[in-house]
Amino acid sequence: MATQSPPPPPPADENQGAEIIQPTNVDQQNAGDESVKPSSTTSVFVNSEPPREDQVQNAVKFLSHPKVKGSPVMYRRSFLEKKGLTKEEIDEAFRRVPDSAPTVQTGGVNQDGQLKSSSNIQQQPQQQTLQPGLPASTGVNTAPGILSRSRFHWSHALILVGVLTASGAGTVIIIKNSLLPRLKSWIRKVVLDEDDEQLKKTINKPTLAEETAQAAKSAAAAAADVAKASQEMLASKGEERKYFVEVVSLLDKQIQEMKLMTSAIRRLEGQEDLRVSQTSSKRLVANGKADYDMRSVRSLSPPASVEPSGPPHPKSYMEPWEIGQVQNTSSQVFQPQVNGEESYVKVHDTTQSNGDDPLPWWQKKNVRIREIDEVEYNVAPNGAASTQQPLQRVWVPPQPPPIAMAGAAEAIRRPKQAVQKEQVSDNQSVAQSSDISNGAHEIPIPSESEGAVEGTNVSSSEIQVVQEHSETKSEEQ
Amino acid sequence: MPVFKTPFNGYSVKFSPFYENRIAVATAQNFGILGNGRLHVLELSANPTLPITEIAAYDTADGIYDVTWSESHDSVVVAAVADGSVKLYDLALPPTSNPIRSFHEHTREVHSADYNPVRRDSFLSASWDDTVKLWTVDRPTSVRTFKEHAYCVYSAVWNPRHADVFASASGDCTLRIWDVREPGSTMILPAHDHEILSCDWNKYDECIIATASVDKSIKVWDVRSFRVPIAVLNGHGYAVRKVKFSPHVRNLMVSCSYDMTVCAWDFMVEDALVSRYDQHTEFAVGVDMSVLVEGLIASTGWDELVYVWQHGTDPRAS
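Every chain is numbered independently, its residues counted from 1 as its sequence is written. Labels follow written order: the first chain is A, the first ligand is 1, and so on. Only residues with pLDDT of 70 or above have their local features reported here, since the model is predicted, and side-chain atom pairs are shown and tallied only from 80 upward, although totals for entire chains, interfaces and linings are computed over all residues. Hydrogens are left out, water is left out, and the side-chain values use all remaining heavy atoms of the structure.

Asks: What am I meant to see in the overall build of chain A here?
Replies: Counting its regular elements, chain A contains 19 helices and 0 strands. Only protein chains enter the area calculation, which uses a 1.4 Å probe; residues under 20% of their type maximum are buried, those over 50% are exposed, and those in between are partly exposed. Buried positions account for 30% of the 477 residues belonging to chain A. For chain A, restricting intrachain contacts to residue pairs at least 6 apart in sequence, the fraction spanning at least 24 positions comes to 67%. Only the protein chains shown count as cover for residues, and the accessible areas themselves come from Shrake-Rupley with a 1.4 Å probe. As presented, chain A carries roughly 31700 Å² of accessible surface, and 59% of it is formed by carbon and sulfur atoms. Under the DSSP-based scheme used, a helix requires at least four consecutive residues in state H or I and a strand at least two consecutive residues in state E, with every element numbered from the N terminus. Contact criterion: two residues are considered in contact whenever any of their non-hydrogen atoms come within 4.5 Å of each other.

Okay, here's the thing in structure tokens:
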């Protein structure tokens, strides 16, 4: 069948001659074959056009590129073939570029071709020597060539991966160590420069500064006025405070006077008691002092109780009429004491008897007991009981303070109204929300809605919700 | 129109040049990625309503990517196997003696096989190891190895008029025309910008060749003026897997594509698409037109179905 082909197509200048040569060769070979082919048909499947010089020159430039020199020969050939170069053109280009491998027609033997090209041996004898070994060598040489290529690819890939990771790590380190601090310092510089520029701007623009100064002055004047007004307010308050302090001092003086009076009354009472209970003076010597002390305590207690109860309570907001009341009470206290100790004692006794049952019972006991012993036990209850009666008799609930500032009062009243309104609105909103919740959820969960309702602390709405819940439940059922 | 269901995914279908009702189908398990393969020889019945019957089936260890009938023996088929071997089967012999030949020289999958219709004594095998090998039945080793492509060779097709000329379509986006008498390729056509999956010669004009590419187009070239294609046929939605010229109509060709359709084209007409058949529900990867019966088309796909129908009719019609 197909024997070894005739000598390869000669170089470009002899291409036209090849057409003539080939048919003759074909005729010679096909003499014994079945079909004798016309010479024209074989040339149909051959590139009849002469090699294009521009294409060859482009190919030469391509092959002369240093990157191309590093690529395998097969890639260069296939690239040129894809670009539409004919074989002759490619061969011519390879011929012109001395370093390229002259493996023209086999296209597979890389290493042998490169070695031979470096030695600059003529290509025709190379091709001729290569040809006989073509069928046998191609199969052998291509396999290691492919394998070597594949191995290179693997190792190349590994090296690439390693280089990429190392470069990435290196860049990160570099950025962290050098670039970031530089960035920060640069930013600081920029900020400082901006501040300086701002200062310069303020200095360099007097008109703006003057305007701003004027504005500032006016603002300062306004502020000064406001300060004055506030000071006046404070002064007025201070004067009021002074009034309060004066009142307090007056009250203190009165307290001292009252104390003196009470002490005098005690002395007087003590003398009377001594006259009444002379019989039991001995026994009551120890106790008398105690009684005296007790009575004094007892007697002291009402005025004393009045005293601390009276002044301490209204002390914070005592007014002239209160002072008068206190004075009246004190005078009331004083008067019976002054007028008649006996009557006071009687009144005291009657008041004691007229008091509550337990109190007189207490006091009665205490009266008896105080003669015997147990002064200590009776001091407190007596004091308490005694204090209560005069308290009941004498203590007046303090009046609410008058309105110092009408505006404040209104302000206080408004939030109350607002609060009331809020409460009303809360009621309404809760009712609405409960309606909505009940509308949306056909199966209302009573615990949740009631909890929500409880949060608003409106009992009326709770009742409404509960009623609605019951209604919905009844409807569902 | 009869339909045959293969157990494995179909890869190629070829009409027998001797018997008008005989078809060979190459199938591979698991879409040809991994697993066994099976070669079916089917017989169409004269009555189109009757189903297709299977005459013989041969199992292989790896998927079969292509099948071709011998031009010299009416019972010999050549199978291109994915394990790199080329196997010959004789239907006349009992299954125990099959395959009669097994040529294992390719280092990668053999994607295509084509028998020389003129000389009828040799066949080509195109492989993913970038080579095309020339074989004869009697020789145990290949006669020639053509290694110029830079990537997988998907198809090698003999010229129907010239005994020594063949074309090879490769994944390096070039179509090469070879002469077995020449040491290397005689023409290099940078036909597409993407991989060329198939090529076929026109049966009536020996200089016209069609290429089918991943770029969804079919280009028709005249080798005498190979810089510019005669026609560019667009219409497929995905890569065109196979193209075949009709042996009966000069300008008619059929093509199958990954868009699951089989299309018929007339490249001399402005609106080239003649008809479209969408019977497949998976990639349509194999198509053939019968030499003995005018207008008879067979197709197979990854949906494990083989359709045989007359051009112009509905393949699914029963």
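From this point, things continue past the structure.
Asks: What should I look at first to understand the nonpolar core in this one?
Replies: Residues and elements named next belong to chain B. What makes a nonpolar core is a set of buried Ala, Val, Leu, Ile, Met, Phe, Trp, Tyr and Cys residues whose side-chain atoms join them at distances within 4.5 Å. Judged by nonpolar contacts, the single largest core of 18 residues is most densely connected at Leu175, Ile177, Trp201, Ile209 and Val223. The set of elements that each furnish at least two residues to this core consists of β15 (165-170), β16 (175-179), β17 (185-189) and β18 (196-201). The contact partners of Leu175, leaving out residues within four places of it in the chain, are Ala167, Ser168, Ala169, Met187, Ile188, Leu189, Ala191, Ile196, Cys199, Ile209 and Thr211. Core analysis: the second largest hydrophobic core is formed by 15 residues, Ala210, Ile218, Leu233 and Met253 among them.

Asks: Mind showing me how you'd approach the sheet that holds strand β5 (residues 53-60) of chain B here?
Replies: By way of backbone hydrogen bonds, the strands of a sheet pair with one another, either parallel or antiparallel. Residues and elements named next belong to chain B. Note on pairing: two strands pair once DSSP finds at least 2 bridges between them. Taking strand neighbours across the sheet as the criterion, the 4 strands line up as β2-β3-β4-β5 in an open arrangement whose pairing is antiparallel. The open sheet is flanked by β2 (9-15) and β5, the only strands paired with a single partner. Here the strands of the sheet are splayed against their neighbours by 20 degrees on average, with no regard to which way each runs. Across 6 bridges, the pairing between β2 and strand β3 (residues 22-28) is antiparallel. Bridge pairing in β3 links Asn9 to Ala28. Whenever a helix is involved, its axis is fitted only over the stretch in contact; in every case the axis is a line through C-alpha atoms, and angles between N-to-C directions fall within 0 to 180 degrees.

Asks: Got a minute to help me understand the state of the cysteines in this structure?
Replies: Should the sulfur atoms of two cysteines be covalently bonded, the bond is a disulfide. Residue and element names in this part refer to chain B. Pairs of cysteine sulfur atoms within 2.5 Å are identified as disulfides in what follows. Applying the stated criterion across every chain yields a total of 0 disulfides over all chains. Free of any disulfide, Cys256 has its nearest cysteine sulfur in Cys263, 9.6 Å distant. A relative accessible area of 0% means that Cys256 is categorised as buried.

Asks: Got a minute to help me understand a negative patch on the surface in this structure?
Replies: Residue and element names in this part refer to chain A. Together, Asp193, Glu194, Asp195, Asp196 and Glu197 make up a region of like negative charge exposed at the surface. With respect to the helices, strands and loops of the structure, Asp193 is situated in helix α9 (residues 134-204). Judged by its relative accessible area of 41%, Asp193 falls in the partly exposed class. A residue counts toward a patch only above 30% relative accessible area and without a salt bridge, and it is joined to like-charged neighbours within 9 Å or, for Val, Leu, Ile, Met, Phe, Trp and Tyr, to nonpolar neighbours within 5 Å. Here, a salt bridge means any side-chain nitrogen of Lys or Arg that lies within 4 Å of a carboxyl oxygen of Asp or Glu. When charges are counted, neither His nor the chain ends are considered; positive counts come from Lys and Arg and negative counts from Asp and Glu. Charge positions come from single atoms, namely NZ of Lys, CZ of Arg, CG of Asp or CD of Glu.

Asks: Please clarify how the packing of helix α3 (residues 53-64) of chain A against helix α6 (residues 87-96) of chain A should be interpreted in this entry.
Replies: Helix packing for two helices is described by the angle between their axes and how far apart those axes are. All names here are of chain A. One can describe the packing of α3 onto α6 by two numbers: an axis separation of 9 Å at closest approach and a directional angle of 45 degrees. When the axes of α3 and α6 are compared, the pair comes out oblique. Considering only the axes of α3 and α6, their crossing is right-handed. For the pair α3 and α6, the contacting residues are Glu53, Gln55, Val56, Gln57, Ala59, Val60 and Leu63 in the first and Glu89, Glu92, Ala93, Phe94 and Arg96 in the second. We call Asp, Glu, Lys and Arg charged. Ala, Val, Leu, Ile, Met, Phe, Trp, Tyr, Cys and Pro are nonpolar, and the rest, Gly among them, are polar. Broken down by class, the residue content of the contact of α3 with α6 amounts to 6 nonpolar, 2 polar and 4 charged. Here is the rule for angles: anything less than 35 degrees is roughly parallel, anything more than 145 is roughly antiparallel, 65 through 115 is roughly perpendicular, and the remaining ranges are oblique. Here is the rule for handedness: rotate from the far helix to the near one, and if that takes an anticlockwise turn smaller than a right angle the crossing is left-handed, while a clockwise turn gives right-handed.

Asks: In this structure, what is going on with the sheet that holds strand β26 (residues 284-289) of chain B? I would like to understand it.
Replies: All names here are of chain B. Reading across the sheet, the 4 strands line up as β1-β28-β27-β26 and stay open at both edges, with antiparallel pairing between neighbours. Both edges of this open sheet fall to β1 (3-5) and β26, since each of them pairs with a single strand only. Taken over all neighbouring pairs, the strand axes of this sheet differ in orientation by 15 degrees on average, direction set aside. Across 5 bridges, β26 lies against strand β27 (residues 296-301) in antiparallel orientation. Bridge pairing in β27 places Met289 opposite Ile297.

Asks: Is there a simple way to think about the side chain of Arg76(A) in this case?
Replies: Residues and elements named next belong to chain A. Looking at where Arg76 falls in the secondary structure, it is placed in helix α5 (residues 73-82). Its relative accessible area of 4% is what places Arg76 among the buried residues. Think of a polar contact as two N or O atoms within 3.5 Å of one another; within protein, one of them needs to be a possible hydrogen donor and the other a possible acceptor, and neighboring residues in sequence only count if both atoms come from side chains. Within the structure, the side chain of Arg76 is placed 2.7 Å from the backbone oxygen of Lys69, a separation counted as a polar contact.

Asks: What is the right way to read the packing of aromatic side chains from this model?
Replies: We describe a pair of aromatic rings using the distance from one ring centre to the other and the angle between the two ring planes. Residues and elements named next belong to chain B. Two aromatic rings, drawn from Phe, Tyr or Trp (for Trp, its six-membered ring), form a pair once their centres lie within 6.5 Å of each other, and the interplanar angle then sorts them: stacked below 30 degrees, edge-to-face above 60, tilted otherwise. Applying the stated criterion to the full structure yields 18 aromatic pairs over all chains. Aromatic pair Phe166 and Trp178: ring centres 6.0 Å apart, planes at 5 degrees, arrangement stacked. Taken together, the positions of Phe166 in strand β15 and Trp178 in strand β16 put the pair 12 residues apart, joining distant regions of the chain. Of the two residues, Phe166 and Trp178, both sit in the buried class. What links up through ring pairs into an aromatic cluster is the set Tyr11, Phe31, Tyr65, Trp128, Tyr258, Phe283 and Trp302.

Asks: Please explain the confidence of the model for chain A as it appears in this structure.
Replies: Low pLDDT marks stretches whose predicted atomic positions should not be read closely. Residue and element names in this part refer to chain A. pLDDT is a residue-level measure of predictor confidence that goes from 0 to 100. Mean pLDDT over chain A stands at 63; residues scoring 70 or higher make up 39%. By mean pLDDT, the top-scoring element of chain A is α3 (90), and the lowest-scoring one is helix α1 (residues 15-29) (43). Across residues 102-147 the pLDDT falls below 50, and counting only partners more than four positions away or on other chains, this stretch makes 48 contacts in the model. This model gives residues 375-391 a pLDDT under 50, and the stretch forms 31 contacts once residues within four places in sequence are excluded.

Asks: Please clarify how the environment of Asp138(B) should be interpreted in this entry.
Replies: Residues and elements named next belong to chain B. Position of Asp138 relative to the elements: it lies in the loop between β12 (131-136) and β13 (144-147). For Asp138 and Asp121, which are 17 residues apart along the polypeptide, the C-alpha to C-alpha distance reads 9.1 Å. A distance of 2.9 Å separates polar atoms of two side chains, one belonging to Asp138 and the other to Thr136.

Asks: Even after reading the chapter, I still don't get α3(A), so can you show me in this structure?
Replies: Quick reminder: α-helices carry 3.6 residues per turn. Residues three or four places apart thus point the same way. Residue and element names in this part refer to chain A. In this analysis, the expected span of each helix is defined as 1.5 Å times one less than the number of residues it contains. Helix length check: α3 (12 residues) gives 16 Å between terminal C-alpha atoms against 16 Å at 1.5 Å per residue, within 8%. Residues of α3 that are buried include every one of Val56, Ala59, Val60 and Leu63, and no others. With its buried residues spanning 105 degrees around the axis, α3 presents them on a single face. Looking at the packing, one finds that the buried side of α3 touches α4 (66-70), α5 and α6. Read the arc as the range of directions from the helix axis to the C-beta atoms.

Asks: How do you make sense of the pairing of β27(B) when you look at a structure like this?
Replies: Regular strands place their side chains on alternate faces of the sheet. All names here are of chain B. Across the 6 residues that make up β27, a large majority, 6, are buried. With burial as the criterion, each face of β27 is covered, one bearing Leu296, Ala298 and Thr300 and the other bearing Ile297, Ser299 and Gly301. Counted between consecutive antiparallel strands, the loop separating β26 from β27 contains 6 residues, among which Gly295 sits at a positive phi close to 85 degrees. Pairing of β27 with strand β28 (residues 305-310) involves 5 bridges; the strand directions are antiparallel. Bridge pairing links Leu296 to Gln310 in β28. Hairpin remark: β27 followed by β28, antiparallel, with 3 residues in the connecting loop; positive phi at Glu304, about 65 degrees.

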